[in-house]
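Survey of secondary and tertiary structure
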Amino acid sequence: MSQGTQTPERGAPTPKQGGDYNPRIGTRHWAARVFKVLVLAATLIGIFVLGVLLFDIGIDGIPRLSMDFLTSGGSSSPETAGIYSGIIGSLWLVSLTALFAVPLGIGAAIYLEEYASDNWLNRILEINISNLAGVPSIVYGLLALGIFVNYLGPLTGGKSILSGAAALSLLILPVIIIATRESVRAVPTKVREGAYALGATKWDTVRGHVLPMALPGAMTGTILALSRAIGETAPLIVVGAAVYMTFTPNGPRDRFTAMPIQIFEWTGLPQEGWVSVAAAGIVVLMTLLLLMNSIAIVIRNRSQRRA
Amino acid sequence: MAIKAGDDRGNNSGMWRGESRLQKYKELFIKGLLAACAYISILTTVGIVFILLYEASKFFREVSVFRFLASTSWSANFSNPEFGIVVLANATLVITGIALLVALPVGLGAAIYLSDYASTRVRKALKPALEILAGVPTIVYGFFALTFVTPLLKGDVLSWFAPLPGLGTFNALSAGLVMGVMIIPTVASVSEDALYAVPRGLREGAYALGATKYETVTKVVVPAALSGITASFILGMSRAIGETMIVAVAAGNLANLSWNPTDSMQTMTAYIVNVASGENPAGTVQYQTIFAVGLTLFLMTLILNIISHFFVRRYKEDY
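Read on for an overview of the structure. The structure presented is a predicted model; accordingly, all values stated were derived computationally and were not measured. (Residues numbered from 1 in each chain as written. Chains lettered and ligands numbered in written order. Predicted model: local features only at pLDDT ≥ 70, side-chain atom pairs only at ≥ 80, totals over all residues. Heavy atoms only, no water.)

1. Considerations on the side chain of E114 of chain A
Residues and elements named next belong to chain A.
- Looking at where E114 falls in the secondary structure, it is placed in helix α3 (residues 84-115).
- Looking at E114, its side chain comes within polar contact range of the side chain of R192, at 2.7 Å.
- Not counting chain neighbours up to four residues away, the residues in contact with E114 comprise V184, R192, Y196, K202, V206 and V210. (Helix = DSSP H or I, 4+ residues; strand = E, 2+ residues; numbered from the N terminus. Polar contact = N/O pair within 3.5 Å; in protein donor to acceptor, adjacent residues only side chain to side chain. Contact = heavy atoms within 4.5 Å.)

This is how it looks when you write it as structure tokens:
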């Protein structure tokens, strides 16, 4: 409020009369609302299809479930077929796979996080591991077929559980390494420094402090990786899993089958009755996966609550 | 860690002994053991490259590389076999194309919703649901494609919905659609990371200039996250190319050079599975073809993964 000086107008500029400024607010807000609906729909499409999938398989498969189904082996008629040999085979496979892949994976992760210096060799190691994580699973099957089944045939027993477990272990090894590295990295530096300050050696700190703290996260990642291995079909087919087995394996050098293999076989059979058998097999498989994933999530939640 | 034991006058109460030689060797041994675990991964890569090249080279001694790349038919089991990889690769690309048509818009849309629209509570509920999609075994997807999607498209499921009544039992379309659903989580999670990494300041600047949320997202956020989003597309494509069970079950085992999605066609991965599950002992040409096809597959996915890696690095460096 002074005389003589012009103070500029504060506030929103009022559009000049007859100007060409057209904010089209109505249209733009309408477009914004449509877009919001579209992206929400996109998010829900996947979940909707998942729901339809589970519903369809449940309807076909659950009526077919029974104790007989779980305890009978393969058969040539859909009424008497069961998934028993698949369950046994999958159990053999996942045990051996865990035996090979878990120590190797955790060991490699500890090396990369705690021991490896940042030189070119170790960077190549890291790039290599992340590349391996993206290799299609069937290529791991070809690797196992060429090397474990054929060249090392006398040692592994050819198309045996051992070869199958080798394929699966190598397949999930990068996944375990990456997951374990994340949890090892999450351990606070102070914990290590405290241990060093008290005179502990590197292995002392890793074994006594870093590893116990990283273990829940590593276990979560490992269980998720193993559940992926249980569902894998392609590498096992290539290695030579039997699709029709009436006896169960007695040792790691025996031929084998697995749940996904049997489901694959049943899906391909033309008679009408096999559809529900395959669906029932899927129900068993996915129940097992649900169990394993729940255990992994429980471990993760419990460790987060403690932290 | 050699800490001097004792003070400068040579007095040592006898308790602190520093690191003994045995301890030092033990530490080195453990380091070596752990390093060996890590180097197994190198062995794996060497193994893959070696076995693919070795067996494929045996194949290429019988069939020239030129014939492999240029021939337009594939009939490995006939008396006059033809080995044109184009047939199998074309099927792979057709089905991958259909899958990407589904997965890219839906995955990107879901990523946009989760990063920019959803509240924290909704995010916490929806993200695990998408992860479940990623955890379903592919044989289950294959079964679903064959026993539900194909009949659905034929009109056997809903009487009012029959877009393709003449659809064959084995076709590329059902396989492609279901594969698209399978890779939605891949595209969504990598895209979401990229969108999340865009600084809030960019968004807030756009809002401050009066942009609607739709305009901000499409004109500011998505372009800013473009390299990460591209990486997610390429990763999705790589996964689709390498996928086996959905196509083996639902697309059929007929090597057929066609662009018609309602046709049955055999992809590279389905071929490998088909031959490996039959009687093809080591040393036969058929046995060697699966390594030649496997080599092609491996190279395709390797190149795609490397390209996507560069795109990821680009978007991580920008911020």
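So that's the structure; there's more coming.
2. So, the pattern of salt bridges
Residue and element names in this part refer to chain A.
- Overall, the coordinates contain 13 salt bridges over all chains when judged by the stated rule.
- For E114, the salt bridge is made with R192, and the minimal N-O distance between the two is 2.7 Å. Taken together, the residues span a long stretch of sequence, with E114 in helix α3 and R192 in helix α8 (residues 189-197) at a distance of 78 residues.
- Among the residues examined, E114 registers a relative accessible area of 10% and is labelled buried.
- On the basis of relative accessibility, which here comes to 12%, the residue R192 falls in the buried class. (Salt bridge = Lys/Arg side-chain N within 4 Å of Asp/Glu carboxyl O. Buried < 20%, exposed > 50% of the residue type's maximum accessible area, 1.4 Å probe, protein only.)

3. Brief notes about a nonpolar patch on the surface
- A cluster of nonpolar side chains, Y151, L152 and L155 of chain A together with V46, F50 and Y54 of chain B, forms an exposed patch at the surface whose accessible area comes to about 580 Å².
- Ranked by residues supplied to the nonpolar patch, first place goes to helix α1 (residues 21-62) of chain B with 3 residues.
- By the element assignment, F50 of chain B lies in helix α1. (Patch = residues over 30% accessible without salt bridge, like charges linked within 9 Å, V, L, I, M, F, W, Y side chains within 5 Å. Areas by Shrake-Rupley, 256 points an atom, 1.4 Å probe, with all protein chains shown as cover.)

4. Topic: the interface of chain B and chain A
- On the chain A side, the residues contacting the 77 residues of chain B number 72 residues.
- Around 6,300 Å² of area is buried between chain B and chain A when both sides are counted, 79% of it from carbon and sulfur atoms.
- Summed over the shared surface of chain B and chain A, the number is 1 salt bridge.
- Note that R28 of chain A is salt-bridged to E215 of chain B, the shortest N-O span being 2.7 Å.
- On the surface where chain B and chain A come into contact, there are 8 residue pairs in polar contact (both at pLDDT 80 or more).
- Among the elements that line the side of chain B that touches chain A, the one with the most residues is α1 of chain B, at 22 residues. (Buried area = accessible area lost by both parts, 1.4 Å probe.)

5. Some words on the nonpolar core
- In this structure, Y111 of chain A together with I48, L52, W74, I112, Y141 and I290 of chain B are the most contacted members of the largest nonpolar core, which totals 177 residues.
- For this core, the element with the highest residue contribution is helix α3 (residues 85-117) of chain B, accounting for 20 residues.
- The residues touching Y111 of chain A, leaving out its near neighbours within four places in the chain, are A116, N122 and L125 of chain A together with K31, L34, A35, A38 and Y39 of chain B. (Core = buried A, V, L, I, M, F, W, Y, C linked by side-chain atoms within 4.5 Å.)

6. Some remarks on the environment of Y115 of chain A
- By secondary structure assignment, the location of Y115 of chain A is in helix α3.
- The class of Y115 of chain A is buried, set by a relative accessible area of 9%.
- Taking the C-alpha atoms as reference points, Y115 of chain A and L290 of chain A, separated by 175 residues in sequence, lie 36 Å from one another.
- Contacts of Y115 of chain A, omitting those with residues within four sequence positions, involve I110, K202, W203 and V206 of chain A together with E27, I30, K31 and L34 of chain B.

7. Some thoughts on the environment of I241 of chain B
Residue and element names in this part refer to chain B.
- When you line up the elements, I241 lands in helix α9 (residues 226-242).
- For I241, a relative accessible area of 2% puts it in the buried group.
- Along the sequence, I241 and L297 sit 56 residues apart, while their C-alpha atoms lie 7.7 Å from each other.
- Setting aside anything within four residues of it in sequence, one finds I241 in contact with T92, L93, T96, T269, L297, M300, T301 and L304.

8. Digging into unusual backbone geometry
Residue and element names in this part refer to chain A.
- Unusually for a residue other than glycine, R24 sits at a positive phi of about 45°.
- Within the secondary structure layout, R24 lies in the segment before α1 (25-61).
- A relative accessible area of 46% means that R24 is categorised as partly exposed.

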